[in-house]
Every structure is written in structure tokens, then in C-alpha cells.
Amino acid sequence: MKKIALLTIIGLFLSCNSSAQKTETKAKETFEITKTDAEWKAQLTDAEYNVLRKAGTERPFSSPLDKNYKEGVYHCAACNTPLFKSEHKFDSGTGWPSFDRVIEGNVAFGTDTKIGYTRDEEHCATCGGHLGHVFNDGPKETTGKRHCINGAALRFVPAED
């Protein structure tokens with residue numbers, strides 16, 4: 001009887017296949033603009049590369065775009081896709097450029113669990129570059145969303161007079 005119980009326990013232990021032990025392989029997304037890692041490194045500054053290609057985060061209050069309130073459009077620093085309009089920018093006090101909405105179709109969303117909990121990640125729909133995250137603590141009088149974006153992921157294009 002002891003042998004059967006021991007064999008059962010060993011069998012259960014060896015067949016245990018919890019989701020925590022699985023390494024999930026995501027299907028690789030394809031984007032209109034794709035380049036090799038070396039090509040991105042040659043094109044982007046170190047800060048842009050770290051944010052856009054490695055999903056890094058710049059230090060808060062380090063981007064001059066955080067306090068930029070000129071009229072214009074914020075484009076992807078990697079592929080020049082228009083992402084956010086200045087009329088939708090607001091001062092969130094977080095130290096990163098913040099917007100209450102995106103230019104529809106130009107920003108894609110995913111899930112990020114890198115820091116131990118789930119966040120809604122944003123990336124450029126054209127090249128896949130990491131932009132930042134979206135939260136539900138934005139201006140209630142508009143969308144209620146705060147698109148918290150790394151300034152290194154953006155290029156500001158002023159409006160023409």
C-alpha cells in the first residue's frame with residue numbers, strides 16, 4: 001500500500017504542469033515597417049533605442065516634451081507615424097508627456113507584466129516601437145484615459161502657421 005501511495009505521489013509530482021512553469025511563446029507581430037536590431041540601433045539615439053526597441057522607460061521629468069504645449073502633432077521617433085495631437089495633451093504631473101486620446105489606428109495596444117502586475121502597453125502600430133502605457137486616471141471631463149508616453153519615443157512636429 002505504501003508503494004502505491006509513493007508511486008502515486010511521485011507520478012503526480014512529475015506530471016505537474018502548472019501555467020507558472022510554462023514559457024509561453026507569443027506569435028511574433030508583424031508591422032508595416034520592420035528592421036533588424038542593427039538597423040534600429042544605427043537609426044535611433046541610445047535613449048530612443050532603449051525605449052522604442054527594448055521597452056525601457058526614461059526618467060520622469062527628463063523629456064523636454066513633458067512641458068511642451070505648442071500646437072502640433074507628436075510622431076513616432078522611429079518611423080514618423082503621427083500618434084498624438086497637441087490638443088489632447090495635458091499636464092498629468094507624472095513627469096511624462098500625457099495625452100487623453102490617440103490618433104485612431106496609429107497606436108496599438110498589448111499587455112505588459114514586466115514589473116509584476118498587468119499594465120496596458122502602447123506601441124506604434126506602424127513599427128511596433130514601445131511608447132508607454134495607458135491608465136484609467138486621466139481627465140474625467142474628456143476620455144478618463146492617461147496615455148503616459150516616453151518623450152524619447154516621440155518627435156514633435158509643430159503646426160504650420
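Refer to the preceding data block for the structure.
Below is a short write-up of the structure. Bear in mind the structure is a predicted one, so any value in this text is a computation, not a measurement.

How each quantity is defined
Residues numbered from 1 in each chain as written. Predicted model: local features only at pLDDT ≥ 70, side-chain atom pairs only at ≥ 80, totals over all residues. Heavy atoms only, no water. Helix = DSSP H or I, 4+ residues; strand = E, 2+ residues; numbered from the N terminus. Buried < 20%, exposed > 50% of the residue type's maximum accessible area, 1.4 Å probe, protein only. Contact = heavy atoms within 4.5 Å. Areas by Shrake-Rupley, 256 points an atom, 1.4 Å probe, with all protein chains shown as cover. Pairing = 2+ DSSP bridges. Axes fitted to C-alpha atoms, helices over the stretch in contact; angles between N-to-C directions. Disulfide = S-S within 2.5 Å. Phe/Tyr/Trp six-rings, centres within 6.5 Å; stacked < 30°, edge-to-face > 60°. Core = buried A, V, L, I, M, F, W, Y, C linked by side-chain atoms within 4.5 Å.

## Concerning the overall build of the protein
For the protein, the helix and strand inventory stands at three helices and nine strands. Shown N-terminal to C-terminal, the secondary structure of the protein runs as helices and strands in the order α-α-α-β-β-β-β-β-β-β-β-β. Counting over 161 residues, the protein shows a buried share of 41%. For the protein, restricting intrachain contacts to residue pairs at least 6 apart in sequence, the fraction spanning at least 24 positions comes to 54%. Element-wise, carbon and sulfur atoms account for 54% of the exposed surface of the protein, whose accessible area totals about 10400 Å².

## Some words on unusual backbone geometry
Backbone geometry places A55, a non-glycine residue, at a positive phi of 60 degrees. The topology assignment puts A55 in the loop between helix 3 (46–52) and strand 1 (72–76). Positive phi is not limited to glycine here, since N80 has a value of about 70 degrees. Note on placement: N80 falls in the loop between strand 1 and strand 2 (82–85).

## Comments concerning the pairing of strand 5 (residues 107–112)
Alignment of strand 5 against strand 6 (residues 119–124), held across six bridges, turns out to be antiparallel. Bridged to T111 within strand 6 is D120. In sequence, strand 5 turns back onto strand 6 through a hairpin of six residues, with G116 there showing a positive phi of about 100 degrees.

## Quick look at the sheet that holds strand 1
Taken in spatial order, the three strands make up an open sheet running 2-1-9, and their pairing is antiparallel. In this open sheet, the two edge strands, each paired with only one partner strand, are strand 2 and strand 9 (154–158). On average, each strand axis in the sheet is tilted by 30 degrees relative to the strand beside it, whichever way the strands run. Of the strand pairs in this sheet, strand 1 and strand 2 are connected by three bridges, and their pairing is antiparallel. Within strand 2, the residue paired with V73 across the bridge is K85.

## Looking at the state of the cysteines
Taken as a whole, this structure holds zero disulfides when the rule is applied. C79 takes part in no disulfide bond, and the closest cysteine sulfur, belonging to C124, lies 3.5 Å away.

## Details of the packing of aromatic side chains
This model, assessed by the stated rule, comprises three aromatic pairs. Both rings, one in Y74 and one in F156, keep their centres 4.8 Å apart while their planes meet at 50 degrees; by these two values the pair is tilted. Of this pair, Y74 sits in strand 1 while F156 sits in strand 9, and the two are 82 residues apart along the sequence. Pairing F84 with F99 gives two aromatic rings, centres 4.3 Å apart and planes at 15 degrees, and the pair type is stacked. Here the residue F84 occupies a position in strand 2, and F99 occupies one in strand 4 (residues 98–99), the gap between them amounting to 15 residues.

## Brief notes about the nonpolar core
Counting 24 residues, the largest nonpolar core has L52, C76, L83, F84 and L154 as its most contacted members. Mapped by element, the contributors of at least two residues to this core are helix 3, strand 1, strand 2 and strand 9. Of all the elements, helix 3 adds the most residues to this core, at three residues. If near-sequence neighbours (up to four positions away) are discounted, F84 is found in contact with V73, Y74, F99, R101, V102, I103, V107, E122, H147, I149 and L154.

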